[in-house]
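Next come the chains, spelled out residue by residue.
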Amino acid sequence: QVYQHFIENFKLWFMKPILWIDVLKIKFWETYYWKKAARTIAVSASDAGKMTKLVPGLKVSIIPNGAGEDLMEDVPLHFSKTLLFMSNYDWMQNIEAARILAKEVFPLVLEQVPEARLKIAGQHTEKINELSSDKIEITDLKIEDIKGVMKAYQESGVLVAPLYGPGGTRLKILGAMAAKLPVVTTNIGIEGIAAENGASVLFGKSPKELAQLAVKLLADEDLYKKIALNARKLVEEKYSYFAIAKKLDDVYQEVSGG
């Protein structure tokens, strides 16, 4: 499956006007300045591990990304049969996730929930317009359109994110959790977020498993409520800007000697 997706996205990897030498330059200068710093910061344990592998002995603190205050409104539960995927489609792994969702996951959901709908929203959706159909809505949102993002979260029933490409903390998932939108994703998709499978998130491996989990949420309002409220509580405690600022301030105080 990985090979198949690689072939499908070959042009996305190699047809962009970016030289591989630029990647090597970035690696060189990043590691150069990491060594100069008294402390470096990563947004996830996975990223911290990669940094210490490149520079053994590097002092890395983990300060996660957070959910914006705009998404922290105390909204009511918004149970609906609309699946959502929110992302920036300038990134290959997000294009891949949207295609997997539309072509492999959503058809399986429709077999059991015929009234279900799918909304794929975010930036640069022109790259995935071919996925549009009578049951799949493509919605382009400008990066500054916070109200549009909030509306998409609050009108949907489940965020489904079939992510297989690692990197950082998934802001789209934190945003959904803050907005009381239950999340179905992969173990890679939830990487960097301290969510417990079955308690504050549901995650599986294959498109079939993701479809089954989405259907399970749509059919069980008690489970839906449990996941949504636990996820919201998790964001409030660990991923609000206030909680993150406190962690960052502790690092600044330590490095500066108080």
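Residues numbered from 1 in each chain as written. Predicted model: local features only at pLDDT ≥ 70, side-chain atom pairs only at ≥ 80, totals over all residues. Heavy atoms only, no water.

Re the pairing of strand β6 (residues 158-161)
Burial along β6 is two-sided: Val158 and Val160 and Leu159 and Ala161, pointing in opposite directions, are all buried. Pairing of β6 with strand β7 (residues 183-185) involves 3 bridges; the strand directions are parallel. Across the sheet, residue valine 160 finds its bridge partner in β7, namely valine 184. (Buried < 20%, exposed > 50% of the residue type's maximum accessible area, 1.4 Å probe, protein only. Helix = DSSP H or I, 4+ residues; strand = E, 2+ residues; numbered from the N terminus. Pairing = 2+ DSSP bridges.)

Quick notes on helix α9 (residues 221-239)
The terminal C-alpha atoms of α9 lie 25 Å apart, and with 19 residues this matches the ideal 27 Å at 1.5 Å per residue to within 8%. Those residues of α9 that fall on the buried side of the exposure criterion are Leu223, Tyr224, Ile227, Ala228, Ala231, Arg232, Leu234, Val235 and Tyr239. For α9, the angular spread of buried residues about the axis comes to 160°, placing them on one side. Away from the buried face of α9 by more than 90 degrees, exposed residues Glu221, Asp222 and Glu237 are located. Against β6, α7 (171-178), β7, β8 (202-203), α8 (207-219) and α10 (241-255) lie the buried residues of α9. Between a side-chain oxygen at the N-terminus of α9 and the backbone nitrogen of aspartate 222 the separation is 3.1 Å; the capping residue is aspartate 220. (Expected span 1.5 Å × (residues − 1). Arc of directions from axis to C-beta. Contact = heavy atoms within 4.5 Å. Polar contact = N/O pair within 3.5 Å; in protein donor to acceptor, adjacent residues only side chain to side chain.)

What to know about the nonpolar core
Counting residues in hydrophobic clusters, the biggest one holds 64 residues, and the most contacted among them are Val109, Ile120 and Tyr153. Sort the elements by how many residues they give to this core and helix α5 (residues 92-112) lands first, with 9 residues. Here isoleucine 120 is in contact with Phe85, Tyr89, Ala98, Ala102, Ile128, Leu131, Ile136, Glu137, Ile138 and Thr139, once residues within four sequence places are set aside. The next biggest cluster of nonpolar side chains, apart from the first, holds 6 residues, and it includes Trp34, Ala42, Ala48 and Met51. (Core = buried A, V, L, I, M, F, W, Y, C linked by side-chain atoms within 4.5 Å.)

Some details on α7
Counted residue by residue, α7 has 7 buried out of 8 residues, so it is predominantly covered. All buried positions along α7 are accounted for by Lys172, Ile173, Leu174, Gly175, Ala176, Met177 and Ala178. Buried positions along α7 lie against β3 (82-88), α5, α6 (146-155), β6, β7 and α9. Following α7 by one or two positions, lysine 180 adopts a phi angle in the positive range, close to 60°.

Describing the sheet that holds strand β4 (residues 117-123)
Read across the sheet, 6 strands follow the order β5-β4-β3-β6-β7-β8 without closing on themselves; strand pairing throughout is parallel. Because the sheet does not close on itself, it has two edges, and the strands there are β5 (136-140) and β8. Relative to β6, β3 runs parallel, the two sharing 2 bridges. Note on β6: the bridge partner recorded for leucine 83 is valine 158. Running at roughly 170° to β3, α5 makes contact with β3, β4, β5 and β6 of the sheet. Of the strands in this sheet, β3, β4 and β6 are in contact with α6, which crosses β3 at around 150°. (Axes fitted to C-alpha atoms, helices over the stretch in contact; angles between N-to-C directions.)

Section: the packing of aromatic side chains
A full pass over the atoms with the stated rule returns 7 aromatic pairs. Measuring from centroid to centroid gives 5.3 Å for tryptophan 29 and tyrosine 32, while their planes differ by 80°, and the two rings are edge-to-face. Within this pair, tryptophan 29 and its partner tyrosine 32 are both found in helix α3 (residues 20-36), separated by 3 residues, close to a single helical turn. Residue class for tryptophan 29 comes out partly exposed when judged on its relative accessible area of 44%. Joined through ring pairs, the aromatic side chains of Phe28, Trp29, Tyr32 and Tyr33 make up one cluster. (Phe/Tyr/Trp six-rings, centres within 6.5 Å; stacked < 30°, edge-to-face > 60°.)

Regarding the confidence of the model for the protein
Averaged over the protein, the pLDDT score is 88; the fraction of residues at 70 or greater is 91%. Within the model, the stretch residues 1-8 combines pLDDT values under 50 with 8 contacts to residues more than four positions away or in other chains. (pLDDT = per-residue confidence, 0-100.)

Section: the pattern of salt bridges
Per the stated rule, a full pass over the model turns up 9 salt bridges. Residue aspartate 74 is joined to lysine 180 by a salt bridge in which the shortest nitrogen-to-oxygen separation is 2.8 Å. With aspartate 74 in the loop between β2 (60-62) and β3 and lysine 180 in the loop between α7 and β7, this residue pair connects regions lying 106 residues apart in the sequence. When the shortest N-O distance is used, the salt bridge between aspartate 250 and lysine 246 registers 3.1 Å. Residue aspartate 250 and its partner lysine 246 are both found in helix α10; the two are separated by 4 residues, about one turn of the helix. Looking at aspartate 250, the relative accessible area reads 37%, which means it is partly exposed. (Salt bridge = Lys/Arg side-chain N within 4 Å of Asp/Glu carboxyl O.)

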